[in-house]
Amino acid sequence: LCAQADWLSASRLPWPLGFTNRPEETRMGMLNWLKARLSGDQTSELILEKREEELHGLNIKKALDAHEAWNSRLKSVLDGTSTESIQVSEIAQDCNCHLGKWIYGPGKKSHSSYEEYEILRKTHAEFHLCAGEILMEHQAGNDGVADKLLKTKFQNLSNKIQLDLVRLFTKA
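Counting restarts for each chain: residues are numbered from 1 in the order of the written sequence. Local features in this predicted model are restricted to residues whose pLDDT is 70 or higher, and side-chain atom pairs enter the listing and the counts only when it is 80 or higher, whereas totals over whole chains, interfaces and linings include all residues. In computing side-chain values, all of the structure's heavy atoms are included and hydrogens and water are not.

**Q** Help me understand the overall build of the chain in this model?
**A** A helix here means a DSSP run of H or I that spans at least four residues, while a strand means a run of E at least two residues long, and both kinds are numbered starting from the N terminus. Along the chain, the regular secondary structure elements total eight helices and five strands. Note on exposure labels: buried denotes an accessible area under 20% of the residue type's maximum, exposed denotes more than 50%, and partly exposed covers the range between, all computed with a 1.4 Å probe on protein chains only. Of all 172 residues assigned to the chain, the portion counted as buried reaches 44%. Whether two residues are in contact is decided by their heavy atoms: any pair within 4.5 Å suffices. Put simply, of all contacts in the chain between residues at least 6 apart along the chain, 68% involve residues at least 24 apart. Per-residue accessibility takes into account occlusion by the displayed protein chains alone, with areas from the Shrake-Rupley method and a 1.4 Å probe. Within the structure as shown, the chain displays about 8800 Å² of accessible surface, and the carbon and sulfur contribution to it stands at 51%.

Below, the structure written as structure tokens:
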């Protein structure tokens, strides 16, 4: 994915977005935020003004935040500190979260003619299947396998969803 970050060098976003990287609270554009995330800086936080959050019927911040939260939620399950009862059958479905509802609803109507839409849809589906696989491995007592999946495949898919979203919206 880091090689794909070169694609981000040209600012082709149709909207101004920013992020803060605590504690400095430095505002930067979404491209810089995404580059930071793809290079491994998982501490950078996307900060959007209200008018920037809704694009084409999708609240981008809500979608990205929800997928970021899955990493923490799954870590909590693996380390035994979670109080949630997460079902594989729920987590593995890609149509129930905020982004999934958009992908199969308004996003499909407005963006399905774009190749980038289909790429995002597939990546998002794979992300949820991977989350389900992590949970299944944990439930089977294979915590080492689950942890490795979380730190590698799952994190890569999370980064790819972010990149795919940006690509879709620069195309649209």
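Past the structure itself, the notes keep going.
**Q** Help me understand helix α7 (residues 115-139) in this model?
**A** Because the α-helix completes a turn every 3.6 residues, residues three or four places apart line up on one side. Residue count minus one, scaled by 1.5 Å, sets the expected span of a helix. If you check α7, its first and last C-alpha atoms are 36 Å apart, about what 25 residues at 1.5 Å a residue would give, namely 36 Å. Following α7 by one or two positions, Gly141 has its phi on the positive side, about 85°.

**Q** Hey, could you run me through the state of the cysteines in this one?
**A** When the sulfur atoms of two cysteines share a covalent bond, that bond is a disulfide. In what follows, a disulfide is any cysteine sulfur pair within 2.5 Å. If you walk through the whole model with that rule in mind, you get zero disulfides. Of the cysteine sulfurs around Cys97, a residue in no disulfide, the closest is that of Cys95, at 8.4 Å. The exposure class assigned to Cys97 is buried, which follows from its relative accessible area of 15%.

**Q** Help me understand the environment of Gly107 in this model?
**A** Its place among the elements puts Gly107 in helix α6 (residues 106-111). Separated by 14 residues in the primary sequence, Gly107 and Arg121 place their C-alpha atoms 9.9 Å from one another.

**Q** It is not clear to me how helix α8 (residues 143-171) should be interpreted in this structure. Could you clarify?
**A** Helix length check: α8 (29 residues) gives 40 Å between terminal C-alpha atoms against 42 Å at 1.5 Å per residue, within 8%. Bend at a residue means the angle formed by two fitted axes: the first through the 7 residues ending at that position, the second through the 7 residues beginning there. At Leu150, α8 shows its largest bend, some 40°.

**Q** Honestly, the nonpolar core in this entry has me stumped. Any pointers?
**A** Considering soluble globular proteins, one finds that nonpolar side chains tend to be buried as a cluster. The biggest cluster of nonpolar side chains holds 31 residues, and the ones touching the most others in it are Leu99, Ile134 and Phe154. Within the residue set of this core, elements represented by two or more residues are α3 (60-79), α4 (88-91), α5 (98-103), α7 and α8. Residue contributions to this core peak at nine residues, all from α8. If we ignore the near neighbours within four places in the chain, the residues touching Phe154 are Trp70, Asn71, Leu74, Phe127, Cys130, Ala131, Ile134 and Leu149. Buried Ala, Val, Leu, Ile, Met, Phe, Trp, Tyr and Cys residues form a nonpolar core when they are joined through side-chain atoms within 4.5 Å.

**Q** Just to check I follow, could you spell out the confidence of the model for the chain for this structure?
**A** The predicted model of the chain averages 79 in pLDDT, with 70% of residues at 70 or higher. The score called pLDDT rates the predictor's confidence residue by residue, from a low of 0 to a high of 100. By mean pLDDT, strand β1 (residues 18-20) is the weakest element of the chain at 40, and α7 is the strongest at 97. Every residue in residues 1-28 is under pLDDT 50, and counting partners more than four places away or in other chains gives 73 contacts.

**Q** Explain the layout of surface pockets here, please?
**A** Space left empty within the atom packing is revealed by a probe, the size of a water molecule, rolled over the atoms. Using only the protein atoms, space was sampled on a 1 Å grid; points where a 1.4 Å probe fits but cannot get out form cavities, open sets with protein on both sides within 12 Å along at least five of seven lines form pockets, and lining residues are those with an atom within 4 Å of a point. Grid points are joined across faces, edges and corners, and a volume is the space filled by probe spheres set on the points. Taken as a whole, the largest pocket holds about 200 Å³ of empty space. Residue lining of the largest pocket: Ala66, Trp70, Arg73, Ser85, Ile86, Gln87, Glu90, Ile91, Gln93, Asn96, Cys97 and His128, and that is the complete set. Going through the elements one at a time, α3 and α4 are the ones with two or more residues in the lining of the largest pocket. Broken down by element, the lining of the largest pocket gets its largest block of residues, three residues, from α3. Residue classes follow a fixed rule: Ala, Val, Leu, Ile, Met, Phe, Trp, Tyr, Cys and Pro count as nonpolar, while Asp, Glu, Lys and Arg count as charged, and any other residue, Gly among them, counts as polar. When grouped by side-chain class, the residues that make up the lining of the largest pocket number five nonpolar, five polar and two charged.

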